Amino acid sequence: QVQLVESGGGLVQAGGSLRLSCEASGSTFSIKYMRWHRQAPGKQRELVAQISSRGNTNYLKSVRGRFTISRDNAKNAVYLQMNNLKPEDTAVYYCNAYDDYYRDYWGQGTQVTVSS
């Protein structure tokens, strides 16, 4: 099993920055992708960013250039550096691990609130 724990969420003013962390434990050797998703009230959950085992990254268009996903394999961790935050970034952010056996693992989420 894989367990994921997020941290780093909080309240920030527009234009500010936050760094989200996700620490994985358990059987992490089979993880293929690590991803960050978010879900705002009244909206569908959307993929924000992902990083492959080789370090290739993809981003939601609206966050490209502002957010950076990275991973530290030695620490079994993935990070999301969020700069120039906007009110529309307000959401619960979830860490997600996807493995070679098509299994998803999810964290409990961390709230990010961006005020005007």
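Shown above is the structure to which this text applies.
Residues numbered from 1 in each chain as written. Predicted model: local features only at pLDDT ≥ 70, side-chain atom pairs only at ≥ 80, totals over all residues. Heavy atoms only, no water.

**Side note on the pairing of strand 8 (residues 77-82)**
As a reminder of what qualifies: Buried residues are those whose accessible area, probed at 1.4 Å on protein chains only, stays under 20% of the maximum for their type, while exposed residues exceed 50% and partly exposed ones sit between those limits. Helix numbers and strand numbers start at the N terminus; a helix is a DSSP run of H or I with at least 4 residues, a strand a run of E with at least 2. Two strands are counted as paired when DSSP detects at least two bridges linking them.
For strand 8, a buried count of five out of six residues is recorded, marking the element as mostly surrounded by other parts of the structure. Here six bridges tie strand 3 (residues 18-26) to strand 8, and the two strands are oriented antiparallel to one another. Bridging from a neighbouring strand, Arg 19 pairs with Gln 81 of strand 8. Across six bridges, strand 7 (residues 67-72) lies against strand 8 in antiparallel orientation. Counted as the bridge partner of Ser 70 is Tyr 79 from strand 8.

**Let's talk about the packing of aromatic side chains**
Stated formally: Centre distance within 6.5 Å is the pairing criterion for rings of Phe, Tyr and Trp, where only the six-membered ring of Trp is used; planes under 30 degrees apart are then read as stacked, over 60 as edge-to-face, and the remainder as tilted. The criterion is that NZ of a Lys, or CZ of an Arg, lies within 6 Å of the ring centre and within 35 degrees of the ring normal, and then a charge sits over that ring.
Tallying each qualifying case throughout the model produces three aromatic pairs. Geometrically, the ring pair formed by Tyr 98 and Tyr 102 is edge-to-face, given 6.5 Å between the ring centres and 65° between the ring planes. Since its relative accessible area comes to 67%, Tyr 102 is described here as exposed. Grouped by ring-pair contacts, the aromatic residues Tyr 33, Tyr 98 and Tyr 102 constitute a single cluster. Against the face of Tyr 98 rests Arg 35, its NZ or CZ located 5.0 Å from the ring centre. When the ring centre of Tyr 94 is taken as origin, the NZ or CZ atom of Arg 45, which lies over that ring, is 3.9 Å away.

**With respect to the pattern of salt bridges**
Defined as follows: Salt bridge criterion: a side-chain nitrogen from Lys or Arg within 4 Å of a carboxyl oxygen from Asp or Glu.
For the structure shown, the criterion picks out four salt bridges. One salt bridge connects Asp 89 with Arg 38, and the closest N-O pair in it is separated by 3.0 Å. Of this pair, Asp 89 sits in the loop between strand 8 and strand 9 (91-99) while Arg 38 sits in strand 4 (residues 31-39); the two residues are 51 residues apart in sequence, bridging distant segments of the chain. Residue Asp 89 shares its accessibility class with Arg 38, and that shared class is buried. The salt bridge involving Arg 66 is made with Asp 89; its shortest N-O contact spans 2.8 Å. Residue Arg 66 is found in the loop between strand 6 (57-59) and strand 7, and its partner Asp 89 is found in the loop between strand 8 and strand 9; the two are separated by 23 residues along the sequence.

**Thoughts on the side chain of Ser 21**
Rule in force here: We call two residues contacting when some pair of their heavy atoms lies within 4.5 Å.
Within the element layout of this structure, Ser 21 appears in strand 3. Setting aside residues no more than four positions away along its own chain, Ser 21 makes contact with Val 5, Glu 6, Ser 7, Trp 36, Val 78 and Tyr 79.

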